[in-house]
Amino acid sequence: MQPKELERVARQIRLRDLQAVYAAGAGHIGGEMSVIDILTALYFRVLRIWPDEPKRPERDRFVLSKGHAACALYVTLAKRGFFAEDELSTFLQPHSRLNGHPNCNKVPGVETNTGPLGHGLPVAVGMAKAAKLSGADYHTYVVTGDGEMQEGSNWEAIMAAAQFGLNNLTLVIDHNRFQQGAALSDTNDLAPLRPKLEAFGWEVTEIDGNDMEQVVPALEHRGSLPHCIVAHTNKGQGISFMQDRVEWHHKVPNKQQYEIALAELSEAL
Amino acid sequence: MNAPVSTSNLHDCRDAFAATLERLAAEDAKVVAVCNDSVGSSKLGDFKAKFPERLVNVGIAEQNLVGIGAGLANGGRLPFVCGASCFLTGRALEQIKADISYSNANVKLVGISSGMAYGELGPTHHSIEDFAWTRVLPNLPVIAPCDRIETAAAVEWAASYAGPCFLRLSRVGVPDLLPDDHKFVLGRANVLRQGSDVTLIANGTLTHRLAKAAEILASRGIEARVLNMATVRPIDEEAIVAAARETGAIVTAEEHSIFGGLGSAVAEVVVDHAPVPMKRLGVPGIYAPTGSAEFLLDEFGMAPSAIADQAASLIMRK
């Protein structure tokens, strides 16, 4: 799928995500909107996957370490055929397998349970190391939030990936500049990310993570080092009044806001 | 009655663990050992020499140790994740919960030098909370073998079991207690001695102390049943209920806090199904003073003679 087509799919996923969060009355819409272009590029172009055979050993691995953006992952997986899109209406409902954070034992296509931050990258390092040990040629991708990089476990994993020579691992940092309660710059800035990762032995690419023309080649890049993509994104991307507003980390739109957002996203279709 | 056991009869269960793991690795290329700069303390030196590429040393980084273990399992490897039990379970408990237990990842967690094995190194290095922390987690069998034979059998079992588990090993020498051909069965206690007056239940380094306590009791005309209960979860409810009904009193002993460990697990079954007087022996909810593991076990009332005295007085409450 070419970038223009991927952009169209991403807009559809944004719209469905908005509907699901509004219907459920909960979600993490800001960080879902920021990461959807990356998820779309992965699932509709980059990942080697078999939706009807989600555990096929040679599949590429994807870990959504920022598990609170589960709704965006569910919409993407459903749209890609891992399960029926009708099921999205059960998001957060009693006994639904579509929990607030993804469960690998219930939802096809989910590789490991995430939710507590700083877990996905170490697990992804293990996946990539397993491929090195067995000679498998699958690639491992992991998406973290930027605030999540404050967790020390990530830096343990970053060191290990370089030590193990994991050039079959790509880390995407969804750098939307806001964490739950405030801007990163007012909390623990982490900036600049690029030289930190480079100093730890990684190759780093910085892109506009909401520009499909930049997202796709960055994800498809292969080199000799573990690869980090610092994806500069916007929290609430695609919905004007949410964009770069910290309160939309997990706020739910009221009816009027929902209709405005719906109209903006529909217009873009 | 308290003559020290000849040290030549005592065995470090880590040796049985390492030898079994090496044999399994020779048979199955999927077997990998993962450690946190603990090649020596986990006795993985020979493994490293034989299978250098399959020894994954993550350095001093326990969260990563467990997370990488989960990823290796996802990638089709069979990881034995080894580290000092205090750091493995304490530092990485959330990883054990989310990445291993909740994700049901096929990872074998091996806590080395558990309990008070590090003795004089003090409470930071003691792991007397690990039963409590791990046995509340679904999908995660918790196992503390009593001798080198059961250790080898449990490692063999773990490799064949399709799911995670936590093996709690010591470095303190223990004598052989089980027959050479012992097969480990998850959740099944072993009757080491039959008796009808009282039941003594332990695992790990305490089982052989109970066996001696039972001999002391026998010399006083008290017949104690001795159960080796390696599996703390799933606990052997049947054996506990039978012990309660047939002997009417239960003493537990463990190299662990008396809060939340084996004694608590036994008590939960007793309260639910067959209430009888109990005495739980272990570390009494304090940080231990300086001393070796053996010294501390005696200090906390778990010398065989002290265990026998506790059992004798418990019988009076029947």
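Rules and cut-offs
- Residues numbered from 1 in each chain as written.
- Chains lettered and ligands numbered in written order.
- Predicted model: local features only at pLDDT ≥ 70, side-chain atom pairs only at ≥ 80, totals over all residues.
- Heavy atoms only, no water.
- UniProt positions renumbered as here; feature names shortened; annotations may be inferred.
- Helix = DSSP H or I, 4+ residues; strand = E, 2+ residues; numbered from the N terminus.
- Rg over C-alpha atoms; globule rule 2.2 N^0.38 Å.
- Buried < 20%, exposed > 50% of the residue type's maximum accessible area, 1.4 Å probe, protein only.
- Areas by Shrake-Rupley, 256 points an atom, 1.4 Å probe, with all protein chains shown as cover.
- Lys, Arg positive; Asp, Glu negative; His and termini not counted.
- Charge placed at Lys NZ, Arg CZ, Asp CG, Glu CD.
- Polar contact = N/O pair within 3.5 Å; in protein donor to acceptor, adjacent residues only side chain to side chain.
- Contact = heavy atoms within 4.5 Å.
- Pairing = 2+ DSSP bridges.
- Axes fitted to C-alpha atoms, helices over the stretch in contact; angles between N-to-C directions.
- Parallel < 35°, antiparallel > 145°, perpendicular 65-115°, else oblique.
- Left-handed = near helix turned anticlockwise from the far one by under 90°.
- Nonpolar A, V, L, I, M, F, W, Y, C, P; charged D, E, K, R; others polar.
- Buried area = accessible area lost by both parts, 1.4 Å probe.
- Salt bridge = Lys/Arg side-chain N within 4 Å of Asp/Glu carboxyl O.
- Right-handed = clockwise from strand over helix to strand, strands pointing away.
- Phe/Tyr/Trp six-rings, centres within 6.5 Å; stacked < 30°, edge-to-face > 60°.

Under the annotation held in an unreviewed UniProt entry, chain B carries the name Transketolase family protein and is attributed to Rhizobium fredii. Its UniProt record gives chain B a comment under Cofactor (unreviewed entry), which states: "thiamine diphosphate". Turning to chain B, the UniProt annotation filed under Sequence similarities (unreviewed entry) states: "Belongs to the transketolase family."

If you check an unreviewed UniProt entry, chain A appears there as Transketolase from Rhizobium fredii. Heading Cofactor (unreviewed entry) of the UniProt record for chain A holds this comment: "thiamine diphosphate". Here is the UniProt Sequence similarities (unreviewed entry) comment for chain A, exactly as written: "Belongs to the transketolase family."

A. Here's a closer look at the overall build of chain B. A tally of helices and strands in chain B yields 12 helices and 12 strands. At 19 Å, chain B has a C-alpha radius of gyration in line with the 20 Å of a compact globule built from 318 residues. On the principal axes, the C-alpha backbone points of chain B span a range of 60 × 40 × 40 Å. For chain B, the residues scored as buried account for 62% of the 318 residues in total. Total accessible area on chain B is roughly 11,500 Å²; 52% of this is exposed by carbon and sulfur atoms. Treating the 28 positive side-chain charges of chain B as one cloud and the 35 negative ones as another, the clouds have centres 2 Å apart.

B. Main features of the side chain of Thr 170 of chain A. All names here are of chain A. Checked against the element boundaries, Thr 170 lands in strand β3 (residues 169-175). Here His 139 takes part through its side chain, which lies 2.7 Å from a polar atom of the side chain of Thr 170. Once residues within four sequence positions are removed from consideration, Thr 170 is found in contact with His 139, Thr 140, Tyr 141, Val 142, His 227 and Ile 229.

C. Looking closely at the sheet that holds strand β9 (residues 224-228) of chain B. Residue and element names in this part refer to chain B. Sheet architecture is open: five strands sit in the order β7-β9-β8-β11-β12, paired in mixed fashion. Only two strands of the sheet have a single neighbouring strand rather than two, namely β7 (190-193) and β12 (278-283). Shown here is a sheet whose adjacent strand axes are inclined to one another by a mean of 25 degrees, direction ignored. Sheet topology places strand β8 (residues 198-202) next to strand β11 (residues 250-257); four bridges connect them, and they run parallel.

D. The packing of helix α1 (residues 3-24) of chain A against helix α3 (residues 70-80) of chain A, seen in detail. All names here are of chain A. Where α1 meets α3, the closest approach of the two axes is 9 Å, and the angle between their N-to-C directions is 125 degrees. Judged by the inter-axis angle, α1 sits oblique to α3. Here the hand of the crossing between α1 and α3 comes out right-handed. Seen from α1, the contacting residues are Val 9, Gln 12, Ile 13, Arg 16, Asp 17, Ala 20 and Val 21; seen from α3, they are Cys 71, Ala 72, Val 75, Thr 76 and Lys 79. In terms of residue class, the contact of α1 with α3 is built from seven nonpolar, two polar and three charged.

E. Representation of the interface of chain A and chain B in the model. Across the contact, 27 residues belong to chain A and 25 residues belong to chain B. Overall, the association of chain A and chain B removes approximately 2,000 Å² of surface from exposure, summing both partners, and the carbon and sulfur fraction of that is 53%. When residues of chain A are sorted by the area they lose upon contact with chain B, His 119, Leu 133 and Glu 156 of chain A head the list and together hold 27% of the total. Applying the counting criterion to the chain A and chain B interface returns zero salt bridges. Linking chain A to chain B there are 11 residue pairs in polar contact (both at pLDDT 80 or more). Residue contributions to the side of chain A that touches chain B peak at nine residues, all from helix α4 (residues 120-134) of chain A. A class-by-class count of the residues in the side of chain A that touches chain B yields 12 nonpolar, 10 polar and five charged.

F. Structural detail: the pairing of β8 of chain B. Residues and elements named next belong to chain B. For β8, a buried count of five out of five residues is recorded, marking the element as mostly surrounded by other parts of the structure. Summarising the sheet, β8 and β9 pair through five bridges and their orientation is parallel. Counted as the bridge partner of Thr 199 is Arg 225 from β9. You can see the chain leave β8, run along helix α8 (residues 207-219) and come back into β9, and the turn it takes is right-handed.

G. Region of the structure containing the pattern of salt bridges. Scanning all chains against the criterion turns up 30 salt bridges over all chains. Here Glu 206 of chain A ties to Arg 194 of chain A by a salt bridge, and the two come within 3.7 Å at their closest N and O atoms. Taken together, the residues span a long stretch of sequence, with Glu 206 of chain A in strand β4 (residues 203-208) and Arg 194 of chain A in helix α6 (residues 193-199) at a distance of 12 residues. On the basis of relative accessible area, Arg 194 of chain A is assigned to the partly exposed category, the value being 31%. Among the salt bridges present, the one from Arg 225 of chain B reaches Glu 246 of chain B, with a minimum N-O distance of 2.8 Å. In this pair, Arg 225 of chain B sits in strand β9 while Glu 246 of chain B sits in helix α9 (residues 237-247), placing the two residues 21 residues apart along the sequence.

H. Seen up close, the UniProt feature "domain: Transketolase N-terminal" (unreviewed entry) in chain A. If you check UniProt for "domain: Transketolase N-terminal" (unreviewed entry), the listed places come out as residues 8-248 of chain A in our numbering. Here residues 8-248 of chain A runs as 37% helix and 12% strand, with 23 Å between its end C-alpha atoms.

I. View of the packing of aromatic side chains. All names here are of chain A. Within the structure shown, the criterion is met by nine aromatic pairs over all chains. Between Tyr 74 and Phe 91, the ring centres sit 6.0 Å apart and the planes meet at 65 degrees, which makes this aromatic pair edge-to-face. Taken as a pair, Tyr 74 in helix α3 and Phe 91 in the loop between α3 and α4 lie far apart in primary sequence, 17 residues in all. Residue classification places Phe 91 among the buried positions, given a relative accessible area of 5%.

J. Up close: the UniProt feature "domain: Transketolase-like pyrimidine-binding" (unreviewed entry) in chain B. Using the residue numbers shown here, the UniProt feature "domain: Transketolase-like pyrimidine-binding" (unreviewed entry) corresponds to residues 11-176 of chain B. The span residues 11-176 of chain B carries 42% helix and 16% strand; its end-to-end C-alpha distance comes to 8 Å.

K. Spotlight on unusual backbone geometry. Cis geometry marks the peptide bond from Ala 191 of chain A to Pro 192 of chain A; its omega dihedral reads -5 degrees. Along the chain, the position of Pro 192 of chain A falls in the loop between β3 and α6. Omega for the bond connecting Arg 233 of chain B with Pro 234 of chain B falls within 30 degrees of zero, at -5 degrees, which places this linkage in the cis form. Residue placement: Pro 234 of chain B occurs in the loop between β10 (231-233) and α9. One non-glycine residue with positive phi stands out, namely Leu 92 of chain A, at about 70 degrees. In this structure, Leu 92 of chain A sits in the loop between α3 and α4. Residues other than glycine seldom take positive phi values, yet Asp 244 of chain A does so here, at roughly 60 degrees. Mapping Asp 244 of chain A onto the fold places it in the loop between β5 (227-232) and α8 (255-268). Classification of Asp 244 of chain A as partly exposed rests on a relative accessible area of 28%.

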